[in-house]
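Chain and residue survey
Take a look at the letters that make up each chain.
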Amino acid sequence: MQNLSLSEPLHRLTHAYKSGLRRAIRESQITLPITHIRALKRINAVTDCTAHSIVQHIQRDKAQITRVLNELLANGLIIKSDNPNDRRSQLLKLTPAGDQMLEQIQALEKETTALMTKGMKQTDVDLFIRLANTLADNLSGGPLENPIKQEDA
């Protein structure tokens, strides 16, 4: 009888992708942890990005995101500016160094994706993306409210 569980294939795929991407990042001598990279991606993807929007998207506690943002700020990868719509928050933006870092990371993601999808037809890749998004939406209650570019997901 065929095993219909998605659990093992999903775990294997997730682990293989994360391991491949971490290896590529390490080999490129990028020292940023994954949470820092996810924060950079979110800042790039969202107009008028705030720490609160990163907390909601990454689903980490406020204190952890504050530490991440302080480290990105200290490394010269982001800047903060006053939020004209809410004096209690600040807007976050990538610096030129942050843009450059993100471009390097996105190139590594594309390389990892190309390796992962080697030998696959584009129609199969498109079908996988559609199915994976449907599965995630079914568990999370619907499509993302603020979808970001596919390569940033």
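Residues numbered from 1 in each chain as written. Predicted model: local features only at pLDDT ≥ 70, side-chain atom pairs only at ≥ 80, totals over all residues. Heavy atoms only, no water.

1. Some thoughts on the overall build of the chain
In terms of regular secondary structure, the chain is built from six helices and two strands. Reading the secondary structure of the chain in the N-to-C direction produces α-α-α-α-β-β-α-α. Per-residue burial over the chain gives 29% buried out of 153 residues. Residue pairs at least 24 apart in sequence account for 55% of intrachain contacts in the chain once pairs closer than 6 positions are excluded. When the accessible surface of the chain is split by element, carbon and sulfur atoms take 52% of a total near 11,100 Å². (Helix = DSSP H or I, 4+ residues; strand = E, 2+ residues; numbered from the N terminus. Buried < 20%, exposed > 50% of the residue type's maximum accessible area, 1.4 Å probe, protein only. Contact = heavy atoms within 4.5 Å. Areas by Shrake-Rupley, 256 points an atom, 1.4 Å probe, with all protein chains shown as cover.)

2. Let's talk about the confidence of the model for the chain
Confidence in the prediction for the chain averages 88 pLDDT; 90% of positions are at 70 or higher. Low confidence marks residues 145–153, where pLDDT is under 50. Its contacts with residues over four positions away, or in another chain, come to 15 contacts. (pLDDT = per-residue confidence, 0-100.)

3. Topic: the environment of leucine 102
Relative to the helices and strands, leucine 102 resides in helix 5 (residues 96–116). Judged by its relative accessible area of 3%, leucine 102 is buried. Once residues lying within four places of it in the same chain are set aside, the contact partners of leucine 102 are Leu40, Lys41, Asn44 and Leu94.

4. Regarding the nonpolar core
By size, the foremost hydrophobic cluster in this structure holds 25 residues, and its most contacted members are Leu32, Leu40, Ile43, Ile54, Leu69, Leu72 and Ile78. Those elements that place two or more of their residues in this core are helix 1 (7–27), helix 2 (34–45), helix 3 (51–58), helix 4 (62–74), strand 2 (90–94) and helix 5. Non-local contacts of isoleucine 43, meaning those with residues more than four positions away in its chain, are made with Cys49, Ile54, Leu69, Ile78, Leu92, Lys93 and Leu94. (Core = buried A, V, L, I, M, F, W, Y, C linked by side-chain atoms within 4.5 Å.)

5. Considering the pattern of salt bridges
One pass over the structure, following the stated rule, counts two salt bridges. Between lysine 41 and glutamate 109 there is a salt bridge whose closest N-O contact spans 2.5 Å. Of this pair, lysine 41 sits in helix 2 while glutamate 109 sits in helix 5, placing them 68 residues apart in sequence. (Salt bridge = Lys/Arg side-chain N within 4 Å of Asp/Glu carboxyl O.)

6. Quick look at the packing of helix 2 against helix 3
Taken N-terminus to C-terminus, the directions of helix 2 and helix 3 make an angle of 120°; their axes are 10 Å apart at the nearest point. Classified by the interaxial angle, the pair formed by helix 2 and helix 3 is oblique. Helix-helix and strand crossings are classified by hand; for helix 2 and helix 3 the assignment is right-handed. Of the residues in helix 3, those touching helix 2 at Thr35, Arg38, Ala39, Arg42 and Ile43 are Ser53, Ile54, His57 and Ile58. (Axes fitted to C-alpha atoms, helices over the stretch in contact; angles between N-to-C directions. Parallel < 35°, antiparallel > 145°, perpendicular 65-115°, else oblique. Left-handed = near helix turned anticlockwise from the far one by under 90°.)

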